[in-house]
Amino acid sequence: MEEIIVSGRSIPHVDPILDIWGLPISLYLFLGGLAAGITIFAAVVTILKKDEQYSTAAKIAPIITPIALAVGLLFLLVDLHHILYAWQLFTTIRLDSPMSWGAWTLLIITPLSIIWVAMHMKSIMPMLNMGGCCLGVLGFFIVEKNDGSQVNWEWRYPFLINFEKFVIAQKQVFAWIMLVLGLVVGVYTGILLSAFNARPLWNTAILGPLFLTSGLSTGAAAIMWLSSDHHEVKLFSKIDLFLILIELFLIVHMIMGFRAGSEIQIYAATFFLGGDFTVIFWVFFVGLGLLIPLVLESMELVGKKVPVAIVAFLILSGGLLFRIIMVDAGQVIRFLY
Amino acid sequence: MRYGMVIDTIKCVGCTDCVVACQTENNVPLGYARDWVVEAVVGTYPELHLEIRTERCNHCIDTPCVRTCPTGASHIIEGGIVKVTANECIGCGACIESCPYDARYVHPNGYVDKCTFCDHRVANGQDPACVSVCPTYCMHFGDLDDPNSEVSKLLATRNSKVLAPEAGTKPQIFYLI
Amino acid sequence: MKTTRRQFIKISGLGAGSLALATPTFNLLSGKQKPQDDIKSKRYPNYCEICFWNCAGWVYTNEEGKIWKIIGHDDDPNSNGRFCPRGTGGVGSYYDDDRLKTPLIRYTKEDGSQDYREATWDEALDLIATKVSEIKNKYGAESIALFNHGSAGKHFTHLFRAMGSSNIAAPANAQCKTPRENAFKLTFGHELHSPEPLDIQNADCMVLIGSHLGENMHNGQVQEMSMLIERGGTIITVDPRYSVVASKSKIWLPIKPSTDIALLLAWINVIINENRYDKEYIEKHAHGFNELKEYIQPFTPEWASLITTLDPTQIVLAAREMAAAAPAVIVHPGRHVTWYGDDTQRLRAVAILNALLGSWGRKGGFFFSSSASVGKHPAYKVPYPKPKWSWMDIRPGDFPLANTGITNVLVDGSHPDYTGENKIKAWFVVGSNLPVSIPNKQRTLEAMDNMEFIVVVDTMPMEITSYADVVLPEATYLERYDILRLAENRYPTVALRMPAAEPRWESKPGWWMAKQLGDRMGLNQYFAFESYEEVLEAELSKLGVTLEQMKEIGVLKLERPYDDAYMHEGDEIEFETPTGKIELLSTELAALGFDPFPKYTAHAEPPAGYYYLNYGRVPMHTFSRTSNNPNLSDLKKEHDVWINPIVANDWGIKNGQYIWLQNQAGVISDFPVKVRVTERIRWDSVFLPHGFGHNNPKLSRAHGKGVSDTQLISNVMHDPINGSTGMRLNFVTFLTEDPRKETEA
Ligand SMILES: Nc1nc2c(c(=O)[nH]1)N[C@H]1C(S)=C(S)[C@@H](COP(=O)(O)OP(=O)(O)OC[C@H]3O[C@@H](n4cnc5c(=O)[nH]c(N)nc54)[C@H](O)[C@@H]3O)O[C@H]1N2
Ligand SMILES: Nc1nc2c(c(=O)[nH]1)N[C@H]1C(S)=C(S)[C@@H](COP(=O)(O)OP(=O)(O)OC[C@H]3O[C@@H](n4cnc5c(=O)[nH]c(N)nc54)[C@H](O)[C@@H]3O)O[C@H]1N2
Ligand code: SF4
Ligand code: SF4
Ligand code: SF4
Ligand code: SF4
Ligand code: SF4
Ligand SMILES: [Mo]
C-alpha cells in the first residue's frame with residue numbers, strides 16, 4: 001500500500017482535484033465544434049454549387065454560426081479569472097498556444113460568418129415585417145423597400161449594397177475561406193485539450209479527430225433538424241451515420257490506446273472501464289448520444305419514419321456531454337498523486 | 001546560467017517551514033501556496049519506507065506552461081526562471097492545465113501565480129526564502145550550468161531523481177534519494 | 001582567583017552553567033543579514049515565543065510599517081539564523097483577529113447566567129487588586145497560586161514573590177520534563193534545562209527513545225540532527241510509531257508502548273556483559289558499578305524481547321552501534337517524558353546508559369553549557385518576603401524530590417476534596433492553557449470551580465479564559481518589550497525582545513500589568529520604574545552595552561570564559577551527588593526508600609477493542625497555542641487520528657471518515673476526528689497529535705477541529721518520586737455514530 005499525504009496545500013480549484021476549467025469551457029468547445037461543423041457543411045455545399053439544393057445547410061443553418069461563436073466566446077470570457085485584461089489576448093499572436101490562435105481565428109471567423117448570413121439574407125428572408133420594434137438592430141442596416149419585387153427591404157447604405165454585390169460575386173472564394181476557417185476552428189476545438197500533455201487523458205492524438213468528427217456530427221444534426229427538405233434530411237442523416245461510425249471507431253481506439261499507454265494512461269482508462277466515469281460515458285454519451293441515433297438513422301435509411309428532432313437532439317446533447325466528460329475527467333486524472 | 005534546486009529527501013523532515021516562509025516572504029494569500037510538502041509511505045508495519053519532499057514549480061527547460069500561454073504573460077527570464085507577469089495574464093488557466101506538477105494557481109486577484117525562485121532575492125545574492133529558512137539545510141539552490149556550484153556537485157556525487165520525468169518537461173528541481 | 005574544574009562543576013550544579021562576564025564580542029556591522037531593501041523594510045530584534053526554545057530573530061516590517069516576516073538571527077545558537085515553521089508563522093499570532101482585545105470581567109446577568117463584559121484597564125486592575133488584597137488578608141498571600149509558561153510568566157513571578165507567595169508552577173515541568181531533570185540530577189548531579197546541552201552536531205550516534213525530533217521541532221536539535229545525518233551518523237529510534245525520525249534511522253525499534261525500561265535494562269546488560277562500556281571513565285567517575293553489574297544480569301535481550309516485542313538480535317545490534325560510537329553518542333534524554341508514572345526511573349536508566357558510554361561531558365555527547373549573567377535593576381534587588389508555606393507543604397511527605405512547582409499538586413490544594421492545612425484560594429494563570437495541558441481535566445475544572453477568584457492573562461480566548469473572573473489581554477511578543485533572553489548554550493548570548501508594532505486593540509505587555517497590579521497593591525518598591533526600557537538598560541549596563549546598541553544587533557554574542565564545554569583529560573571532578581560521583585546506584589533514592597536501580601514494572605494493557613492513546617507533536621503547531629494562528633492553521637487546520645489498516649479493517653473504518661473517541665473511563669470526545677488509516681502506527685495504539693479539539697467557539701479557526709487528547713487522558717499515573725503525571729496509560733475505542741445524537745433525542 002502506498003500512502004501519499006500532501007501538506008501545506010489546499011488551493012481553491014486546484015486541490016483536491018483540478019477544476020480550473022468548468023462548464024463554460026465545455027460549452028465553449030461544444031459551440032465552437034457546432035459552428036465549425038455547420039460552417040464546413042455550408043462551405044462544401046456552396047463549393048459544390050449545391051447551395052440551392054441544400055439551402056438549409058448553405059443558408060439557414062449558418063445563422064446559428066455567429067450566434068454559437070459569440071455565445072461560445074462569451075463563455076470563454078466568463079471563465080477568465082482576470083477578465084479585465086482579456087484584451088491582452090489580442091496584443092500578440094502565439095502560434096504555440098492554441099488559445100492564442102483560437103482566439104484570433106474566432107476574431108476573424110465571427111464577422112465573416114455574419115457576412116455569410118448577410119449574403120444569404122435576401123434569399124432566406126425576402127419579406128421582412130418592417131412594422132414596429134421586432135426589427136431591432138437590423139434597423140440600423142436595412143430600410144424598407146416597396147418596389148413590388150420579391151424582396152421588401154434593402155441595405156440602408158450604398159456601401160453595404162456594393163459589399164453584398166462583391167461577396168456574392170466572390171461566393172466561391174468566400175466559401176473556400178470559410179471552409180479553411182471552419183476546419184481551423186474544428187481542429188482548434190479538437191486539439192485545444194490534447195495540447196495539454198500534462199493531463200494524461202487529453203494526451204492522445206485521437207482526441208483532435210474525435211472532437212472534429214463530433215463537431216461535424218453536431219453540425220449535421222443541426223442541419224437535419226432545421227431542414228424541411230426530405231432529401232436534405234436524408235443526405236445529412238447519411239453523413240451523420242457515417243460520422244457516428246467514425247466516432248465510435250475513434251473512441252474504441254482511444255480507450256485501447258490508453259490501455260496500451262503509460263502507467264498513468266492505463267490508470268486513466270480505468271475511469272471509463274469501471275471507474276467514476278463509466279456510466280455517464282458509456283450509457284449516456286455512447287448509448288444515448290451515439291448508438292440510439294445510429295439505430296434511428298439506420299431505420300430512417302431503410303425507410304422507417306423517424307422523428308428527426310429526437311435524433312438531432314440526442315446527437316447534440318451527446319456532443320455536449322462528451323465535452324463535459326472530457327473536460328472534467330481530464331482534470332481529475334493527474335500525473336502526480 | 002540555469003538556476004535549479006537540489007533537495008535532499010533524506011534530510012527533509014516535512015515540517016512545512018518552506019511553505020510558510022514562502023507565504024510570508026512573497027505575501028502569498030492564506031489558503032494558497034507556491035510550495036508544499038509530500039509524504040509517501042510504502043510498506044507494511046514495521047517494514048516501512050517514508051520519503052518526504054518539498055515541491056514547487058520545477059522551472060522546467062521544456063515549458064508547456066509558457067508555450068500554451070496565449071498572451072505571453074508566462075515567460076522565462078535569466079537563468080531559466082519561469083515567471084508570470086500579472087497584468088498581462090488574462091487568467092485563462094491554460095498554463096495551469098499544461099503544468100504536469102500542478103504548480104500554478106489562480107491568485108484571488110485573478111492572475112496566475114506560482115513560485116518565482118524568489119528572483120527578487122536571488123538578484124540580491126540571497127537564497128530563495130524557502131531554501132534559506134529550511135531547518136534541516138536540505139534545500140540547495142544554484143547554477144546547474146556551473147560544475148563548481150554546490151548543486152552541481154551534489155548531483156555529481158549523489159543519486160537523484162526528478163518528478164514525473166515522463167511528462168517530458170525536463171524539470172530543474174532534483175531530489176537526492 | 002584561579003577557577004578550577006572542581007569549582008566549575010559546583011557552580012554549574014547551581015543551575016546556571018558557567019557564567020560569562022567576559023567582554024562582549026560584538027560589532028555593529030556583524031550581522032550577515034541586512035534588511036533586504038533598506039528603504040522599504042525595517043527590522044526589529046525579538047526572540048520567539050511560539051515555543052520555549054526561544055530562538056532569536058528579526059521581525060521585518062514592510063513599506064507600510066506593518067509586520068511582514070520573521071527570520072532567524074545568524075548569531076543565535078538556538079536558531080542559527082533559521083526559524084522553525086512555527087516561528088516563521090509567528091506573524092499570524094499578531095494578525096489573528098480572534099485575539100483578546102480588551103480586559104473582560106465576569107458578571108451575572110438578571111436571569112442568573114454569567115457572561116463577560118468588556119472593561120477598562122483601570123476597572124479590571126482595580127478589581128484584581130482589591131480582590132487579591134482581600135484574599136491575601138483573609139488567607140495569606142500563600143493561598144494565591146500562579147500557573148505560568150513563557151516569558152510573560154516571569155513578570156508575574158516577580159509580582160508573586162513580592163506579594164509573598166511561591167506557589168508557582170508550570171505544566172512545562174510536572175507535565176513535561178521534571179522526571180528527566182530529577183533523573184539527571186540524581187545521576188550526574190546536574191539538571192539539563194533548555195535547550196538541552198546535547199552535542200548532536202559532533203555525535204556519531206544518537207538514540208531517540210520516543211523523542212520524535214522532526215515532529216518535535218525544537219529548532220537547534222532538528223538542525224543538528226540533520227548535520228548528523230549529513231555526516232553519515234547513526235540514528236537509533238525507539239518508538240511504537242513510525243515517526244519521521246524513525247524513517248531516517250539506521251535501526252528503528254517498534255517497541256510495544258510502556259515497555260521502554262525493559263529495553264534500557266537489556267541495553268545496559270549487553271554493554272556491561274560484552275565489556276563495551278567506557279572502563280576508564282566508569283572506574284574514575286562512577287559509583288555502584290559492581291552492584292549495577294550484578295543487578296542487571298537477569299535482564300537479557302531475550303528477556304526484554306518477550307516484553308517489548310522487539311527482536312533480540314536488533315536489541316543487541318543497537319547496543320553495539322552505540323558502544324561503537326562512544327563517547328560521541330547521545331542517548332537522548334527526551335523532554336516530554338511524563339508517560340507511565342515510573343518515568344524518573346526510566347530516565348535514570350537513560351542517564352546510566354549515557355554514563356556507561358562515557359558521553360556525559362564529552363565531545364559528541366553532553367556538553368556543559370554556558371550562559372550570560374546581567375545586572376539587576378534596583379527594583380529587582382529588593383528582598384522578597386518569605387512565604388510561610390509553599391506547594392511543597394500541600395501534600396507533605398509525598399513526592400520528596402519534586403524540585404519545581406508541581407501544577408497538579410497546586411490543583412490538589414485547590415480541590416474541594418483537599419483536607420489539608422494549606423489551601424489554595426485563588427489563581428493567576430499566565431500563558432498556560434490548563435484545561436488542555438494538565439491531564440485529568442475534570443479535576444482541574446473542579447478545582448477552578450472551587451476558587452474564589454481567577455485571573456487569566458493570555459493573548460487568545462483559549463479554554464482557560466472561560467474560567468476566569470477577570471481576563472487580561474496581553475500584547476503578543478511582537479508588540480512588547482520583555483525580559484532579556486539569556487540562553488544556555490555552547491556560548492552565552494543575550495537577546496532582546498522589542499516591539500515591532502503597536503499593540504493591537506487594548507492589549508498590553510505583561511510587565512506593565514504586573515507593575516500596575518504591584519503599584520495598586522502597595523508593592524511599589526518592587527516596581528520602581530516607569531518603563532521596561534529602564535529595566536533593560538540597567539541589566540545591559542553590566543555587559544557594557546546600551547539598549548540602543550542592542551536594538552541594532554539583536555543578539556549579543558559573548559565568549560565562553562573558560563574552555564570548559566567538555567571534560568578534559570585528567571580533570572578532577574566532583575559531581576553534585578551525595579557520593580561526588582556519577583551515581584549508577586543512586587544513594588539518594590535508596591535513602592528515600594526508592595529503588596536505587598531502575599526497575600521494569602509491567603503496566604496495564606488495553607482491554608479488547610481499546611487502543612493505547614498515543615499522542616505527540618505536529619511540526620507546524622505548538623500545543624494548543626497555535627491551532628488558531630491564521631498562518632499555521634493554513635498549514636494544518638485539523639489533525640487526524642492514526643489507525644493501523646488492520647484495526648480500521650476490523651472496525652470497517654475508512655480513511656478520511658470522522659469518528660468519536662471514548663476512553664476506558666467512558667469519557668467521550670467533544671468532537672469527531674478525521675481518521676488517517678496508516679501503516680505508520682502499531683495495531684495496539686492510535687496516534688492523536690496534541691493541541692487540537694478546542695472547545696472555545698471564539699477560536700474561529702480552531703474550534704471543534706479534532707479531539708483534545710487531554711480530555712481523554714483521565715487516568716494519571718503519578719511518579720512517586722516527584723509527582724509528575726504519567727499520561728500514556730489511557731486507552732480509547734471508536735464511536736462511528738455521533739454519541740450525542742441519541743441523548744438529545
Ligand atoms: N512542533 C512542536 N515541537 C515541539 C513542541 C510543540 O508543541 N510542537 N513542544 C516542545 C515541548 S515543550 C516538548 S516537551 C517536546 C516534546 O517532544 P518529545 O519529547 O519528542 O515528545 P513525546 O511526546 O515525549 O514523544 C512523542 C513520541 O513518543 C512516542 N511514544 C509514545 N509512547 C511511547 C512509548 O511507550 N515508548 C516510546 N519509546 N515512545 C513512545 C510517540 O509515538 C511519539 O512519536 O516537543 C517540543 N517541540
Ligand atoms: N494531553 C497533553 N497534555 C500536555 C502535553 C501533551 O503532549 N499532551 N504536553 C505537555 C507539555 S510537554 C507541556 S510543556 C505543557 C505546555 O502547556 P502550557 O504551558 O499550558 O502551554 P500551551 O498549551 O502552549 O498554552 C499556552 C497558553 O499561553 C497563551 N499564550 C501564548 N503566547 C502568550 C503570550 O505571549 N502571553 C500570554 N500571557 N499568553 C500567551 C496561549 O494563548 C495559551 O493559552 O503541556 C503539557 N500537557
Ligand atoms: S523546510 Fe526543509 S525540512 Fe522542512 S519541509 Fe521544507 S524542505 Fe523539508
Ligand atoms: S513546473 Fe509547471 S509551471 Fe513550472 S515550469 Fe514546469 S510546467 Fe511550467
Ligand atoms: S492564465 Fe495567464 S499566464 Fe496562464 S496561460 Fe493564461 S494568460 Fe498565460
Ligand atoms: S523559491 Fe521562493 S517563490 Fe519559490 S517556493 Fe521557494 S520561497 Fe516560494
Ligand atoms: S523552535 Fe520554533 S517555535 Fe520554538 S522558539 Fe524556535 S522558532 Fe520559535
Ligand atoms: Mo514540554
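Residues numbered from 1 in each chain as written. Chains lettered and ligands numbered in written order. Predicted model: local features only at pLDDT ≥ 70, side-chain atom pairs only at ≥ 80, totals over all residues. Heavy atoms only, no water.

### Some thoughts on the overall build of chain A
This is how it is decided: Numbering goes from the N terminus for both helices and strands, where a helix is a DSSP run of H or I of at least four residues and a strand is a run of E of at least two. The globule rule used for comparison is 2.2 Å times the number of residues to the exponent 0.38, while the radius of gyration itself is calculated over C-alpha atoms. Think of it in three bands: residues with accessible area under 20% of the maximum for their type are buried, residues over 50% are exposed, and the middle band is partly exposed, with areas taken using a 1.4 Å probe on protein chains only.
Along chain A, the regular secondary structure elements total 12 helices and 3 strands. Against the 2.2 N^0.38 benchmark of 20 Å for 337 residues, chain A shows a C-alpha radius of gyration of 22 Å, consistent with a compact globule. With the C-alpha coordinates of chain A rotated into their principal frame, the extents come out at 85 × 55 × 35 Å. Per-residue burial over chain A gives 53% buried out of 337 residues.

### Quick notes on the side chain of Ser98(B)
The criterion, for reference: In protein, a polar contact means a hydrogen-donor-capable atom and an acceptor-capable atom, both N or O and within 3.5 Å, with residues adjacent in sequence counting only if both atoms are side-chain atoms; elsewhere, any N or O pair within 3.5 Å suffices. Throughout, a residue-residue contact means that at least one pair of heavy atoms, one from each residue, lies within 4.5 Å.
Note on placement: Ser98(B) falls in helix H3 (residues 94-98). The class of Ser98(B) is buried, set by a relative accessible area of 1%. Within the local environment of Ser98(B), its side chain forms a polar contact with the backbone oxygen of Pro64(B), the two atoms lying 3.4 Å apart. Excluding residues within four positions of it along the chain, Ser98(B) makes contact with Phe196(A), Ala198(A), Pro64(B), Cys65(B) and Thr68(B).

### Here's the deal with the interface of chain B and chain C
Many descriptions give the size of an interface as the accessible area lost when the pieces come together. Heads up, the rule is: Buried area is calculated as the accessible area (1.4 Å probe) missing from two parts once they are joined, with the contributions of both summed. By definition, a salt bridge exists where a carboxyl oxygen of Asp or Glu is found within 4 Å of a side-chain nitrogen of Lys or Arg. Under the grouping applied here, Gly and all other residues not named as nonpolar or charged are polar, the nonpolar ones being Ala, Val, Leu, Ile, Met, Phe, Trp, Tyr, Cys and Pro and the charged ones Asp, Glu, Lys and Arg.
With 40 residues of chain B at the contact, the number on the chain C side is 41 residues. Across the chain B/chain C interface, buried area totals approximately 3,200 Å², and carbon plus sulfur atoms make up 56% of it. Arg676(C) serves as the salt-bridge partner of Glu39(B), at 4.0 Å between the closest nitrogen and oxygen. Listed by contribution, the elements that provide at least two residues to the side of chain B that touches chain C are helix H1 (17-25), strand E2 (35-44), strand E3 (47-56), helix H4 (119-122) and helix H5 (129-133) of chain B. For the side of chain B that touches chain C, the element with the most residues is H1(B), which contributes 7 residues. Grouping the constituent residues of the side of chain B that touches chain C by class yields 20 nonpolar, 15 polar and 5 charged.

### Things to note about the site of ligand 6
Just so we agree on the cut-off: To be near a molecule or strand, a residue needs just one of its heavy atoms within 4 Å of it.
Around ligand 6 lies a shell of 13 residues, among which Cys22(B), Arg56(B), Cys115(B), Cys118(B) and Cys130(B) are the nearest. When grouped by side-chain class, the residues that make up the shell around ligand 6 number 8 nonpolar, 2 polar and 3 charged.

### Points about a nonpolar patch on the surface
Here is the rule we go by: Patch membership requires over 30% relative accessible area and the absence of a salt bridge. Like charges are linked within 9 Å, and nonpolar side chains (Val, Leu, Ile, Met, Phe, Trp, Tyr) within 5 Å. With residues, only the protein chains shown are counted as cover, and all accessible areas are computed by Shrake-Rupley using a 1.4 Å probe.
There is a patch of nonpolar side chains on the surface, built from Leu273(A), Val279(A), Ile280(A), Trp282(A), Val283(A), Phe284(A), Leu288(A) and Ile292(A) and spanning about 650 Å² of accessible area. Mapped onto the elements, Leu288(A) comes out in helix H11 (residues 278-301).

### Topic: the side chain of Glu300(A)
All names here are of chain A. Convention followed: The charged-residue count follows a simple rule in which Lys and Arg add positive charge and Asp and Glu add negative charge, with His and chain termini not counted at all.
By the secondary structure assignment, Glu-300 is in helix H11. Of the buried charged residues, Glu-300 lacks a salt bridge, with Lys-234 as the closest side chain of opposite charge at 5.9 Å. Apart from residues lying up to four places away in sequence, Glu-300 is in contact with Val-233, Lys-234, Ser-237, Val-306 and Val-308.

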